Amino acid sequence: MIPVREESADVPEFPMARAAGCPFDPPPGLRSRQEAGPLAKVRLWDGSTPWLVTRYAEQRTLLADPRVSADIMRPGYPSSAPIRSDGSGVSFILMDDPEHARLRRMVTAPFTVKRVAAMRPAVQKIVDDLIDEMLAGPNPVDLVEAFALPVPSLVICELLGVPYSDHDFFQENSKTIIKRDASPEDRTAAMGRLAGYLDELVGAKLANPGDDLLSRLTERVAAGELARDEAARIGVLLLIAGHETTANMIALGTLALLEHPAQLALLRDTDDPKLVAGAVEELLRYLHITHNGRRRVALEDIEIGGQVIRAGDGLIMANDIGNRDPEAFPDPDRLDLTRDARHHVAFGFGVHQCLGQPLARMELQVVYSTLYRRVPTLRLAEDLAQIPFKHDGAVYGVYRLPVTW
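In this report, the structure presented in the accompanying data block is examined. (Residues numbered from 1 in each chain as written. Predicted model: local features only at pLDDT ≥ 70, side-chain atom pairs only at ≥ 80, totals over all residues. Heavy atoms only, no water.)

1. Here we look at empty space enclosed by the protein
1) Next: Applying the stated criterion across every chain yields a total of 2 cavities of 30 Å³ or more.
2) Next: In this structure, the largest cavity encloses a volume near 50 Å³.
3) Next: If you trace the largest cavity, you find it lined by Val 90, Ser 91, Phe 92, Met 95, Leu 103, Glu 230, Arg 233, Ile 234 and Leu 237.
4) Next: With 4 residues, the single largest contributor to the lining of the largest cavity is helix H10 (residues 228-258).
5) Next: Of the residues belonging to the lining of the largest cavity, the class tally is 6 nonpolar, 1 polar and 2 charged. (1 Å grid on protein atoms, 1.4 Å probe; cavity = no way out; pocket = protein on both sides within 12 Å on 5 of 7 lines; lining within 4 Å. Points joined across faces, edges and corners; volume = space filled by probe spheres on them. Helix = DSSP H or I, 4+ residues; strand = E, 2+ residues; numbered from the N terminus. Nonpolar A, V, L, I, M, F, W, Y, C, P; charged D, E, K, R; others polar.)

This is the structure:
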């Protein structure tokens, strides 16, 4: 029998701080934990001490294990902030099957590979139009405001049937929800505003449905298969996830490429869609922008990685350091666009892996294959040391990215 590791007084806090001057690398504390072993205890804001899982193999194993739960309402779940005791407002991604599967099936159709491929010409036009506007406007320009944020916002608004004219409203509230140091009251209020906004849209589409995802959800509401508040919560989830994550990947990926000019040249000068697709996978692996980890709770005792995870123990799969595991990715701290990185865990693994990953991949492929080709002299307008990084958020990126050409 594997011995249970005794807890000590020096259990580190999670999340861990990044090192100055290493904007693309995981916190050094995660690297040292990974080198020491695949599992270690960490301390959260509420004093709980879940297991931090740092190695790739153990992360994938646990994410696919039916003895591990994603249900945020279960005792021992390592929540990143206080949760409401009644469970109201919980997204289906924080539920287990069968409820998770029931709700997820209602929104899978627009995210199939075939449907997403059909959207590529429309996304290409959005990208080209925004580049045209950027080139015709001021120089230098903030790439976040002029390009990185509008691309996925326009796409997800079109997909959901949300008026893009309201993007300032939902972006401001999204920022509050994912800001790590936002108070529980501010986060709850922002979520309430977004839920109210989506609820009004659901009501409008019940009366006048269109050809969009929210209208498909309202059909389920009208048929009695889905509650109206469930439809609104799904809309909030897709709206936030659909623009925040991709927008940060566009800006941070561009910054990483500008800091690796040989890799940028490979991408800028190619017309090979396979190389572009591979570059997207490598950038997803190298940068992985969600740094709160995939959170779970054990339903039974599990022996893994030389430790015993007890039933009720929390688990945090630190995807950013998992994607830098040298056992899975040789020389993992090197950005190499020719690497086969398709097996990364940026989108998670198992039944809860990211629903929108085909759309995110396609958007990034269009962006990375177009921006640097059309603006071949793109470069930073400020020193790297002056770029403000999102150290205070659950989604990592840059607040602004001044560029010139």
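2. Here's the deal with the packing of aromatic side chains
1) Next: Counted by the stated rule, this structure contains 5 aromatic pairs.
2) Next: Judged by centre distance (5.6 Å) and plane angle (80°), the ring pair of Tyr 56 and Phe 329 falls under edge-to-face. You can see Tyr 56 sitting in helix H2 (residues 56-63) and its partner Phe 329 sitting in the loop between helix H13 (319-322) and helix H14 (357-374), a full 273 residues away along the chain. The pair Tyr 56 / Phe 329 is uniform in exposure class, with both members buried.
3) Next: On the numbers, 6.0 Å between centres and 15° between planes, the contact of Phe 389 with Tyr 396 is stacked. (Phe/Tyr/Trp six-rings, centres within 6.5 Å; stacked < 30°, edge-to-face > 60°. Buried < 20%, exposed > 50% of the residue type's maximum accessible area, 1.4 Å probe, protein only.)

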